[in-house]
Amino acid sequence: MTDSPSAAAASTAAAAASARATALGFIAVLLWAVLALLTVLSGAVPPFQLTAICLGVGALVGLGWGAATGGSLRAAAAQPWPVWLLGIGGIFGYHFFYFTALRNAPAAEAGLIAYMWPLLIVLFSSLLPGERLRAGHVIGAVVALSGAALILTRGASLSFAPEHAFGFAAAGVCSLTWSGYSVLSRRVGQAPTETVTLFCAAGAALSALCHLGLEETAWPRDAGEWAATIGLGAGPLGLAFYVWDVGVKRGDIQLLGVASYAAPLLSTLALAAAGLTALTGRLALAALLIAAGAGLAARASRRKARAASPADAGATGRP
């Protein structure tokens, strides 16, 4: 039994499309590598205000995305309410907690804890219909959590420094928020990427309302801080959202989850290059453990896919 030429061609085309989508998702990883550095360089702008500015810039980036791809905002707006809840909650919620973490904990540690979301994406994606956890997923989670423990404990006994506990907690919440948004986005894959433009705009409005009610306004003080703020909105909080949406919906989501662990490593290097943190052995070991855990989980997923492929091949065969 062999597949027909048309079926083989369709399979090849689908694989190529998935590879292109995955490659676009990798661009988001590169952009997120400078998220922590740009946030620190943006100055003392309050979290809600900074989120409002950056998401507003991100929405403008989305208008350019739509013009380049021929997408329609009218079609993007015609989505059921769960899609809106997922998109606004994911984008607004994650970045509020991320900025809150960086304002209340050391940048390198908070960033690495927040970047537990790649591992969570691998784990959560295995719970989608037709997937299940394997031993490698669980082992990978334990290995990655041991890396996070090194950051939280600073290599000593398990305890939270009182002045940083809130920031570490916020980093943990944002990791759960973004991993949930990414995995569930695959379940609403029919929603066009242009919806992200509207998610950014809505998130900017909500952030502005929260800022007016809860914070005192503090604008960037000089051209350097403004440049960092605009850079956040154009890159890590702008273009990254759109290419990530394509990647998680139409690419290899588990491979993207693993590849995302390049971001905290590059982020730490960027902070060190700017003289904002030191490259300690503890941070290096923690990063290696987290990346190794994600790799183990992804390896387990690949084994499951290979185990299922013979049945899949038989299902698509023709006499």
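Conventions adopted
- Residues numbered from 1 in each chain as written.
- Predicted model: local features only at pLDDT ≥ 70, side-chain atom pairs only at ≥ 80, totals over all residues.
- Heavy atoms only, no water.
- Helix = DSSP H or I, 4+ residues; strand = E, 2+ residues; numbered from the N terminus.
- Buried < 20%, exposed > 50% of the residue type's maximum accessible area, 1.4 Å probe, protein only.
- Contact = heavy atoms within 4.5 Å.
- Areas by Shrake-Rupley, 256 points an atom, 1.4 Å probe, with all protein chains shown as cover.
- pLDDT = per-residue confidence, 0-100.
- Core = buried A, V, L, I, M, F, W, Y, C linked by side-chain atoms within 4.5 Å.
- Axes fitted to C-alpha atoms, helices over the stretch in contact; angles between N-to-C directions.
- Parallel < 35°, antiparallel > 145°, perpendicular 65-115°, else oblique.
- Left-handed = near helix turned anticlockwise from the far one by under 90°.
- Nonpolar A, V, L, I, M, F, W, Y, C, P; charged D, E, K, R; others polar.

A.B. asks: Quick question: what am I supposed to make of the overall build of the protein chain here?
C.D. replies: Within the protein chain, the regular secondary structure consists of 14 helices and zero strands. Counted from the first residue to the last, the protein chain has its helices and strands arranged as α-α-α-α-α-α-α-α-α-α-α-α-α-α. For the protein chain, buried positions account for 48% of its 319 residues. Intrachain contacts of the protein chain at a sequence separation of at least 6 include 90% that bridge at least 24 residues. On the protein chain, roughly 14100 Å² of surface is accessible, and the fraction owed to carbon and sulfur atoms is 70%.

A.B. asks: Is there a simple way to think about the side chain of Thr195 in this case?
C.D. replies: Here Thr195 lies in helix α10 (residues 195-214). For Thr195, the contacting residues outside a window of four places in its chain are Ala76 and Gln79.

A.B. asks: When you look at the confidence of the model for the protein chain in this model, what are you seeing that I'm missing?
C.D. replies: Segments scoring low in pLDDT should not have their predicted coordinates read at a detailed level. Chain-level pLDDT for the protein chain is 81 on average; 85% of the residues reach the 70-or-more range. In the model, residues 311-319 has pLDDT below 50 throughout and makes eight contacts with residues more than four positions away in sequence or in other chains.

A.B. asks: Can you walk me through the nonpolar core in this structure?
C.D. replies: In globular proteins that are soluble, nonpolar side chains generally tend to be buried together. By size, the foremost hydrophobic cluster in this structure holds 60 residues, and its most contacted members are Ile91, Tyr98, Trp178, Phe241 and Trp244. If we ignore the near neighbours within four places in the chain, the residues touching Ile91 are Leu55, Trp178, Tyr181, Val196, Phe199, Cys200 and Phe241. In this structure, Leu119, Leu123, Ala148 and Tyr261 belong to the second largest nonpolar core, which totals 12 residues.

A.B. asks: For this particular structure, what's the right way to read the environment of Ala161?
C.D. replies: Secondary-structure assignment places Ala161 in the loop between α8 (135-153) and α9 (165-187). Assessed through its relative accessible area of 25%, Ala161 is described here as partly exposed. The spacing of Ala161 and Ala105 is 56 residues in sequence and 9.6 Å in space, taken between C-alpha atoms.

A.B. asks: Help me out: how do you make sense of the packing of helix α3 (residues 47-69) against α10 in this one?
C.D. replies: To characterise two packed helices, one gives the angle between the axes of the helices and the distance between these axes. One can describe the packing of α3 onto α10 by two numbers: an axis separation of 7 Å at closest approach and a directional angle of 160°. Accordingly, the angle class assigned to the pair α3 and α10 is roughly antiparallel. The chirality of how α3 crosses α10 is left-handed. Every residue of α10 that contacts α3 at Phe48, Gln49, Thr51, Ala52, Leu55, Gly56, Gly58, Ala59, Gly62 and Leu63 is listed here: Thr197, Cys200, Ala201, Gly203, Ala204, Ser207, Ala208, Cys210, His211 and Leu214. Here the contact of α3 with α10 is composed, by residue class, of 11 nonpolar, nine polar and no charged.

A.B. asks: What should I look at first to understand the environment of Thr229 in this one?
C.D. replies: With respect to the helices and strands, Thr229 occurs in helix α11 (residues 223-250). Along the sequence, Thr229 and Leu41 sit 188 residues apart, while their C-alpha atoms lie 8.1 Å from each other. Apart from residues lying up to four places away in sequence, Thr229 is in contact with Ser42, Leu50, Ile53, Cys54 and Pro220.

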